[in-house]
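Chain residues, written in single-letter form:
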Amino acid sequence: DLDGTLIDSVPDIHHNINILLQEEGLSKLTLDQTTSFVGNGSKKLVERAFSYFNNCPDNEADLDMLTSRFIKHYMKNLTDNTTIYPHVADVLKELSHKGHTLSICTNKPLEPTIAILKDLKLLSFFKIVTGGDSYAEKKPHPEPLLKTIEQVNIPKNKCIMIGDSIYDIKAGKAAGVHTVLLTYGYMHGNIEDIDASYICHNFDELTQLF
């Protein structure tokens, strides 16, 4: 996963969803509100934000238009206030040196995902990067994860889904792979209810597992 797992991207997401809301004559969300809306891709974020103000579009075409406008705003300042979580770069380097194949399966659209990874100098660590618009389904549906696994051509029993939310863990379990829940991100749901294979509170704990 990307958002809430490798990077804290909510500050920039928050800034840009508020630009869109204000363009539509609505109030701003708080940072905590925006955080609670993140997790199922940009379209769902926009839908939740507008629904919060009882102003959600009546049809998919209007929602798609709003989502497109949000992404256009977001593309202008993807990493102004986005930060890499502690230890991430060092751990990715160590896991790569150990011979692990690293890939990203995120619900964020692919274009901003690639741009962010380039800006933060993380892209070179990953063999495959898939986004929320890469396939018909998004996490927690297993399809994006299964398609990503197909591309790296590694048996499922040797794959591990690492993420910060119930959506990541549900996708991993549905795909039939081991899962790691990171507790510091944008977790939705209670730890006890998520039932991951492993739980880590800091990213550097992954080096003890793998």
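All figures in this text were calculated on a predicted structure; none of them were measured in a lab. (Residues numbered from 1 in each chain as written. Predicted model: local features only at pLDDT ≥ 70, side-chain atom pairs only at ≥ 80, totals over all residues. Heavy atoms only, no water.)

(A) Fine view of the nonpolar core. Core analysis: the largest hydrophobic core is formed by 45 residues, its most contacted members being Ile17, Phe70 and Phe126. The set of elements that each furnish at least two residues to this core consists of α1 (10-23), α3 (42-52), α4 (60-76), α5 (88-97), α6 (110-119) and β6 (178-182). The residues touching Phe126, leaving out its near neighbours within four places in the chain, are Leu6, Leu92, Leu102, Ser103, Ile104 and Leu117. In this structure, Leu145, Ile149, Cys159 and Ala175 belong to the second largest nonpolar core, which totals seven residues. (Core = buried A, V, L, I, M, F, W, Y, C linked by side-chain atoms within 4.5 Å. Buried < 20%, exposed > 50% of the residue type's maximum accessible area, 1.4 Å probe, protein only. Helix = DSSP H or I, 4+ residues; strand = E, 2+ residues; numbered from the N terminus. Contact = heavy atoms within 4.5 Å.)

(B) Looking closely at the packing of α3 against α4. The contact between α3 and α4 brings their axes to 9 Å, and the two run at 105°. One finds that α3 runs roughly perpendicular with respect to α4. Contact residues: Ser42, Lys43, Leu45, Val46, Glu47 and Phe50 in α3; Glu60, Leu63, Asp64, Leu66, Thr67, Phe70 and Ile71 in α4. Counted by class, the contact of α3 with α4 contains seven nonpolar, two polar and four charged residues. (Axes fitted to C-alpha atoms, helices over the stretch in contact; angles between N-to-C directions. Parallel < 35°, antiparallel > 145°, perpendicular 65-115°, else oblique. Nonpolar A, V, L, I, M, F, W, Y, C, P; charged D, E, K, R; others polar.)

(C) Just α5, in detail. All buried positions along α5 are accounted for by Val88, Val91, Leu92 and Leu95. Buried residues of α5 fall within an arc of 100° about the axis and therefore sit on the same side. Every exposed residue of α5 that faces more than 90 degrees away from the buried side is listed here: Asp90 and His97. Buried residues along α5 sit against β2 (83-84) and α10 (206-209). Of the residues flanking the end of α5, it is Gly99, one or two places downstream, whose phi is positive at about 100°. (Arc of directions from axis to C-beta.)

(D) Structural view of empty space enclosed by the protein. The tally for this structure, following the rule as stated, stands at one cavity of 30 Å³ or more. Every residue lining the largest cavity is counted, 20 residues in all, and those nearest its centre are Asp3, Val38, Gly39, Asn40 and Gly41. By residue class, the composition of the lining of the largest cavity is seven nonpolar, seven polar and six charged. (1 Å grid on protein atoms, 1.4 Å probe; cavity = no way out; pocket = protein on both sides within 12 Å on 5 of 7 lines; lining within 4 Å. Points joined across faces, edges and corners; volume = space filled by probe spheres on them.)

(E) Main features of the layout of surface pockets. Volume-wise, the largest pocket comes out at about 620 Å³. In terms of lining residues, the largest pocket is bounded by 27 residues, among which Thr101, Leu102, Ser103, Ile160 and Ile162 are the most central. Listed by contribution, the elements that provide at least two residues to the lining of the largest pocket are α5, β3 (103-105), α7 (143-152) and β5 (160-163). Tallying contributions element by element places α7 first for the lining of the largest pocket, with four residues. The residue inventory of the lining of the largest pocket, partitioned by class, reads 19 nonpolar, six polar and two charged.

(F) Summary view of the environment of Asp3. With respect to the helices, strands and loops of the structure, Asp3 is situated in the segment before β1 (7-8). Take Asp3: its relative accessible area is 11%, and that puts it in the buried class. Sequence separation between Asp3 and Ile128 is 125 residues; the distance between their C-alpha atoms is 16 Å. Aside from chain neighbours lying at most four places away, what touches Asp3 is Ser9, Ile13, Thr106, Lys108, Asp164 and Tyr186. Here the side chain of Asp3 touches Ser9 through a polar contact of 2.3 Å, side chain to side chain. (Polar contact = N/O pair within 3.5 Å; in protein donor to acceptor, adjacent residues only side chain to side chain.)

(G) Main features of the sheet that holds strand β7 (residues 198-200). Taking strand neighbours across the sheet as the criterion, the three strands line up as β5-β6-β7 in an open arrangement whose pairing is parallel. The outermost strands of the open sheet, each flanked by one partner alone, are β5 and β7. On average, each strand axis in the sheet is inclined to that of its neighbour by 20°, with strand direction left out of account. Of the strand pairs in this sheet, β5 and β6 are connected by four bridges, and their pairing is parallel. Each residue of the ladder has a partner; that of Met161, found in β6, is Thr179. Sheet contacts for helix α8 (residues 166-175): β5 and β6; angle to β6, the most-contacted strand, approximately 175°. (Pairing = 2+ DSSP bridges.)

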